[in-house]
Each structure stands twice: as structure tokens, then as C-alpha cells.
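Given next are the chains, with one letter for each unit.
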Amino acid sequence: MQLRNSSSRYGWVSIVLHWAIALVVYGLFALGLWMVGLDYYDTWRKDAPDLHKSIGLVLLAAMLLRVCWRFVSPPPPTLETYGRLTRVSAKLGHSALYLGLFAVMIAGYLISTADGVGIPVFGLFEVPALVSGLPDQADIAGQIHFYLAWALVIFSGLHALAALKHHFIDRDATLKRMLGRQA
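Thresholds applied
Residues numbered from 1 in each chain as written. Predicted model: local features only at pLDDT ≥ 70, side-chain atom pairs only at ≥ 80, totals over all residues. Heavy atoms only, no water. Helix = DSSP H or I, 4+ residues; strand = E, 2+ residues; numbered from the N terminus. Buried < 20%, exposed > 50% of the residue type's maximum accessible area, 1.4 Å probe, protein only. Polar contact = N/O pair within 3.5 Å; in protein donor to acceptor, adjacent residues only side chain to side chain. Contact = heavy atoms within 4.5 Å.

- Identification of the chain as Cytochrome b from Pseudomonas hefeiensis is taken from an unreviewed UniProt entry.

### Let's talk about unusual backbone geometry
Move 1: In this structure, F122 is a non-glycine residue whose phi angle is positive, near 50 degrees.
Move 2: Take F122: it is sitting in the loop between β1 (119-121) and β2 (125-127).
Move 3: With a relative accessible area of 45%, F122 lands in the partly exposed category.
Move 4: Of note, the phi angle at R171 is positive, near 55 degrees, even though the residue is not glycine.
Move 5: With respect to the helices, strands and loops of the structure, R171 is situated in the loop between α4 (137-168) and α5 (174-178).

### Remarks on the side chain of S112
Move 1: Examined against the element boundaries, S112 turns out to sit in helix α3 (residues 84-112).
Move 2: Accessibility expressed as a relative area gives 19% for S112, which makes it buried.
Move 3: At a separation of 3.0 Å, a polar atom in the side chain of S112 contacts the main-chain carbonyl oxygen of G108.
Move 4: In contact with S112, not counting residues within four places along its chain, are K53, V117 and I119.

Below, the structure written as C-alpha cells:
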């Protein structure tokens, strides 16, 4: 089992982080859409947002780990068959996904801490409210969080379609490398 990335494929740490983060992002998106529709008397009205926040903070930790891991074990270089436009698009696309993920999580944090109250994480510890009391903080951060979440889900869908295009049309090793197979 190859833990670190090599010049030809991703290692298992990168693969697990990639797919786990993708699943968590889609799960949080679904949970977020569901929970905003709950009425006042629903038993999940408090528990769903608490769960959403806790998972979101765990996702933030996983993303920080993922960024650190990229320095410890850099990803394999892009395939030589890629043209310049594909190389630049891949770099910009990955950067947009990373920045978007961090931005949506920061916006979520700002929503949750607008009243100056910290965020409990699964009842184990609390992340303090470092930023609160900004004008319309919860409303503005809420709008940003909502639209960024939609943008991330759509953009990650395009990312998946690009990987499938590379696999089925270009017949290159792009997708195989993220599945742990040799290029």
C-alpha cells in the first residue's frame, strides 16, 4: 500500500482525503438544504444545524490536513499528454475548489458566531467566536455560504465530468491516478 504520492499516482492518504472530503461536502450540502426547510416544531430544528456545524468544523480540519499533506507529499505532475490549456485549467480549477471550500467554511463560521457564541463540536469541545458583531454578519455570511455551497457543488460536478471525460474520451490516466491505480 502506497501512502505517499508518487510521480505516477496518488497515494492512499491523498485518495482517502479526496473522496472523504467530496462525500462530506455533498452530505453537508444535502443536510443544509434539508435543515433550512424544518419548521419550528420539528425535533431536528436544533440538532440538524448543530450536526451541520460540527461536521463542517471537522471538514475544516480535514482540509487543513489536506493542504499540509500537499506540502509533505506533492501530487503527481500533470500528464505529459495535457496541452497548455488543460494544464492551466486543471491548476485554476483545483485552486478554485480549495478556495471555495475554505470560503464556504469561513462563511459558515461567521454565521454561527455572529452572536458571539462559540460552536460546540459534537459536544466534545467548543470553537470560540473570534469574530462577531459585524453589521448584518449572519445575514451576509448566510448569503455567501448559500451561494458558495451551490457553486461548489456545481463546480465539483464539472470537476467529476472532466475526470470522466479524461477517462472515457481521452483514455488517459487522470481518473485512474485518483483511484490508486498506476498511470
